[in-house]
Amino acid sequence: MTAGIRDTAHAVDAAAAMRLLPTRPRLLALGEPTHGEHVLLDLRNDLFRQLVEQEGYRTIAIESDCLMGLVVDDHVTSGAGTLDEVMERGFSHEWGAFPGNRELVRWMRAYNDGRPASQQVRFAGFDGPLEITGAASPRQALTALHAYLTARVDPGLLPCDAATLDHLIGADDRWTNPAAMMDPSRSVGGTPEAGQLRLLADDLVALLDAQTPHLIAASSRKEWDRARLYGRTATGLLRYHVAMADPSPSRLARLLGVRDSMMAANLLALADRGPTLVNAHNGHLQRKKSSMRMGGRPVEWWSAGAIVDAHLGDGYAFLATALGTIRHQGVDTPPPDTVEGLLYALPEDRHLVDARRLATVLADAAPAARVSPWFGYAPLDPAHVASTDGIVFVKDARRSDAA
């Protein structure tokens, strides 16, 4: 079996990745089984550089706040702000502190310097303005969308004025109260004001769509794209807050589903703009249904990758990343009967595996599911191998490599 597995493994580079795929996908996603390991960010940066330079990919999207990501995009395309400012203000989830993300932004700015806009590589966050402890106020997205429309359409077409939005939103800390994550009764999502804001947000997005020809001519496609992002984010955030106020047993599944649906909508918009590279947790990018245990109960939802795949077909490709060891987190050598254990037996430190060929080789072996002793690492599900285009396997993540 080892020889058969070895035949599925290749060097980790752009050429090998493209050979696994029937065509160049509009969205090429690289997953990771844990966040923050430098070796994974370094590998991502190397692979994405090659795909930009050799295959013409023109956007790099990562699992970070889509509105904060606009700060990074402005920097890499125009030089706005310093690198330090951008790393502090342009990332959520503390991703800006990771050296690998800093190096990615630095390289993108250097690559774009002196190039015309049509040849530049763009940056995008594709997550919503969401954290584990809650969700942002809809103020930024709603007011930015309203301001864009106010400056360009007949005032009589607007469903409300800015003062009405401000009154309905109220204090931002009502929306960001961390207690609401565990106590639905503390969420503002069930209030009459939130209901009114959802209707107004829907009307603003409908007006944006109805006025598309005029708005692109009166501003630019880039500004119109941003307005669409504000609209998606405003409606998604309000939907998320309503779900936070839901006391039913399906509340957590609903929240997770809304988040990945927001991610998917952002990814589909990026795919419309041009060929895009994506980096996020495997669980957000896989084609199969995602699952986890929360509060002692199993929760299932469709990931962003599964939603995007349903829309794009061959236009979406997914390379999962698997790790052998993360010893500084208690993740030691994988059992030999797991997928990671079988790949760990190969001599190379890292390789790109043809996942579908690997699934055929393993068909009679029925690999066991690896169990992680650390909550921050999600092993590869053997049942997902055949639905993955490729597996990037890294033998060891060492403490000295930690971002």
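The model shown is predicted, which means the values in this text are computed figures rather than measured ones.

Draft legend 1. Up close: the overall build of the protein chain. Helix and strand content of the protein chain: 17 helices and twelve strands. Relative to a compact globule of 403 residues, whose C-alpha radius of gyration would be 22 Å, the protein chain shows 22 Å and is just as compact. Dimensions along the principal axes, computed over C-alpha positions, put the protein chain at roughly 70 × 55 × 40 Å. Among the 403 residues that make up the protein chain, the fraction classed as buried is 53%. Long-range pairs, those at least 24 residues apart, make up 78% of the contacts in the protein chain with a sequence separation of at least 6. Both charge centroids of the protein chain, one from 41 positive and one from 49 negative side chains, sit 2 Å from each other.

Draft legend 2. Just the packing of aromatic side chains, in detail. One pass over the full model with this rule turns up four aromatic pairs. Residues Trp374 and Phe375 carry aromatic rings whose centres are separated by 6.1 Å and whose planes lie at 65° to one another, so their mutual orientation is edge-to-face. For Phe375, a relative accessible area of 81% puts it in the exposed group. The residue whose ring lies beneath Arg24 is Tyr57, and the NZ or CZ to ring-centre distance is 5.6 Å. The residue whose ring lies beneath Arg115 is Tyr111, and the NZ or CZ to ring-centre distance is 3.8 Å.

Draft legend 3. Fine view of the pattern of salt bridges. Evaluated as defined, the whole model comprises 21 salt bridges. The partner of Arg226 in a salt bridge is Asp73, and the shortest N-O contact between them spans 3.6 Å. Here the residue Arg226 occupies a position in helix H12 (residues 221–244), and Asp73 occupies one in helix H4 (residues 69–78), the gap between them amounting to 153 residues. Residues Arg226 and Asp73 agree in their burial class; the two are buried. Connected via shared salt-bridge partners are Asp46, Arg49, Glu103 and Arg106.

Draft legend 4. Geometry of the sheet that holds strand E12 (residues 390–396). Strand order in the open sheet formed by eight strands is E1-E11-E12-E10-E2-E7-E3-E4, and the pairing between neighbours is mixed. The outermost strands of the open sheet, each flanked by one partner alone, are strand E1 (9–10) and strand E4 (122–127). The strands touched by H4 are strand E3 (59–65) and E4; relative to E4, the strand with the most contacts, the crossing angle is about 170°. Relative to the sheet, helix H6 (residues 99–112) contacts E3 and E4, its axis offset from that of E3 by approximately 145°.

Draft legend 5. Quick look at helix H8 (residues 162–169). For H8, the complete set of buried residues consists of Leu165, Leu168 and Ile169. For H8, the buried positions fall inside an angular range of 95° around the axis, keeping them on one side. Seen from the buried face of H8, the exposed residues on the opposite side, beyond 90 degrees, are Ala163 and His167. Of the surrounding elements, those touching the buried residues of H8 are helix H7 (139–150), helix H9 (172–175) and helix H10 (192–210). At the exit of H8 stands Gly170, carrying a positive phi of roughly 70°.

Draft legend 6. Unusual backbone geometry, seen in detail. Look at Glu94: it is not a glycine, yet its phi comes out positive at around 65°. Mapped onto the secondary structure, Glu94 falls in the loop between helix H5 (83–89) and H6. With a phi close to 50°, Ala366 is a non-glycine residue in the positive phi region. Position of Ala366 relative to the elements: it lies in the loop between helix H17 (355–361) and E12. The exposed category is assigned to Ala366, whose relative accessible area is 59%.

Draft legend 7. Fine view of the pairing of strand E8 (residues 290–294). In the sheet, E8 pairs with strand E9 (residues 297–301) via five bridges, with the strands oriented antiparallel. In the strand pairing of E9, Arg293 is matched with Pro298. Counted along the chain from E8 to the antiparallel partner E9, the turn is two residues long, and its residue Gly295 has a positive phi close to 60°.

Draft legend 8. Structural view of the side chain of Ser387. Assignment of secondary structure puts Ser387 in the loop between H17 and E12. Setting aside anything within four residues of it in sequence, one finds Ser387 in contact with Arg287, Lys288 and Arg356.

The rules we used
- Think of each chain on its own: its residues are numbered from 1, step by step along the sequence as written.
- Only residues with pLDDT of 70 or above have their local features reported here, since the model is predicted, and side-chain atom pairs are shown and tallied only from 80 upward, although totals for entire chains, interfaces and linings are computed over all residues.
- The basis for every side-chain value is the complete set of non-hydrogen atoms in the structure, without hydrogens or water.
- Labels follow the DSSP assignment, with helices taken as runs of H or I lasting at least four residues and strands as runs of E lasting at least two, numbered in each case from the N terminus.
- C-alpha atoms define the radius of gyration in this analysis, and the globule rule sets the expected value at 2.2 Å times the number of residues to the power 0.38.
- Remark: exposure states derive from per-residue accessible area (1.4 Å probe, protein chains only) relative to the maximum for the residue type, with buried under 20%, exposed over 50%, and partly exposed in between.
- Only heavy atoms matter for contacts: two residues are in contact if any of them lie within 4.5 Å across the pair.
- Charge counting follows a simple rule: Lys and Arg are positive, Asp and Glu are negative, and His as well as the terminal groups are ignored.
- Each charge is placed at NZ for Lys, CZ for Arg, CG for Asp and CD for Glu.
- Aromatic pairs are defined between Phe, Tyr and Trp rings, using the six-membered ring for Trp, whenever the two ring centres lie within 6.5 Å; interplanar angles under 30 degrees are classed as stacked, those over 60 as edge-to-face, and all others as tilted.
- Counted as over-ring charges are cases with an Arg CZ or a Lys NZ within 6 Å of the ring centre that also lie within 35 degrees of the ring normal.
- Salt bridges are defined by distance alone: a side-chain nitrogen of Lys or Arg within 4 Å of a carboxyl oxygen of Asp or Glu.
- Any two strands between which DSSP finds at least two bridges are classified as paired.
- Helix axes use the C-alpha atoms of the stretch in contact, all axes being lines fitted to C-alpha atoms, and the angles between their N-to-C directions lie in the range 0 to 180 degrees.
- The arc under discussion is defined with respect to the helix axis, by the directions toward the C-beta atoms.

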